[in-house]
Amino acid sequence: MKKDKIESHIVEKFMIYRRDASKGAATYSPKPHSAPHYEGRYIEGMEEWASWYCINKKSDGTYEAELDEAWDEGSHYGGGTICVEIPKEWFALSYDDFLERVVTLAAASHYGFTADDLRGRKGLKDFLGF
């Protein structure tokens, strides 16, 4: 079977945050990047969190926001990885406006990420081509 669309793959990741990063590491944050757990309603006393947050550059030149979310389900963790393509037209915006929009993707703002958090990541501006 012939594919009409060639799938692109990730060629480079820019890691913004890792939950298990040590203090002083570039991907460390003093913020917990967690939120109340929601399953049709908020579950009292249960939290979910971001395990990592990054921006991926793909082989076709597009970018995507990626966030891995998790929550405790007793003997294991639930959750998954959210990947959302960053609209090409956003790259025509100013860098500050771009960051304000990009944190709305992949549940980043739900987990407390802000444009200021991204603005503070050395090298991200160049990685994104601004």
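**So, the packing of aromatic side chains**
Applying the stated criterion across every chain, the model contains 10 aromatic pairs. Note on Y17 and F113: the rings are 5.4 Å apart at their centroids and 70° apart in plane angle, and the pair reads as edge-to-face. Of the two residues, Y17 is situated in strand β1 (residues 10-18) and F113 in the loop between α1 (95-102) and α2 (115-119); the sequence distance between them amounts to 96 residues. The exposure class assigned to Y17 is buried, which follows from its relative accessible area of 4%. Centroid distance F91 to F98: 4.9 Å. Interplanar angle 45°. Geometry classified as tilted. Accessibility expressed as a relative area gives 24% for F91, which makes it partly exposed.

**Remarks on unusual backbone geometry**
Phi at H33 is positive, roughly 45°, even though this residue is not glycine. Note on placement: H33 falls in the loop between β1 and β2 (34-38). Phi at A107 is positive, roughly 65°, even though this residue is not glycine.

**Remarks on the state of the cysteines**
With the rule as written, the count across this model stands at zero disulfides. C54 carries a free sulfur, and the closest cysteine sulfur to it, the one in C83, is 7.4 Å from it.

The rules behind these values
- Residues numbered from 1 in each chain as written.
- Predicted model: local features only at pLDDT ≥ 70, side-chain atom pairs only at ≥ 80, totals over all residues.
- Heavy atoms only, no water.
- Phe/Tyr/Trp six-rings, centres within 6.5 Å; stacked < 30°, edge-to-face > 60°.
- Helix = DSSP H or I, 4+ residues; strand = E, 2+ residues; numbered from the N terminus.
- Buried < 20%, exposed > 50% of the residue type's maximum accessible area, 1.4 Å probe, protein only.
- Disulfide = S-S within 2.5 Å.

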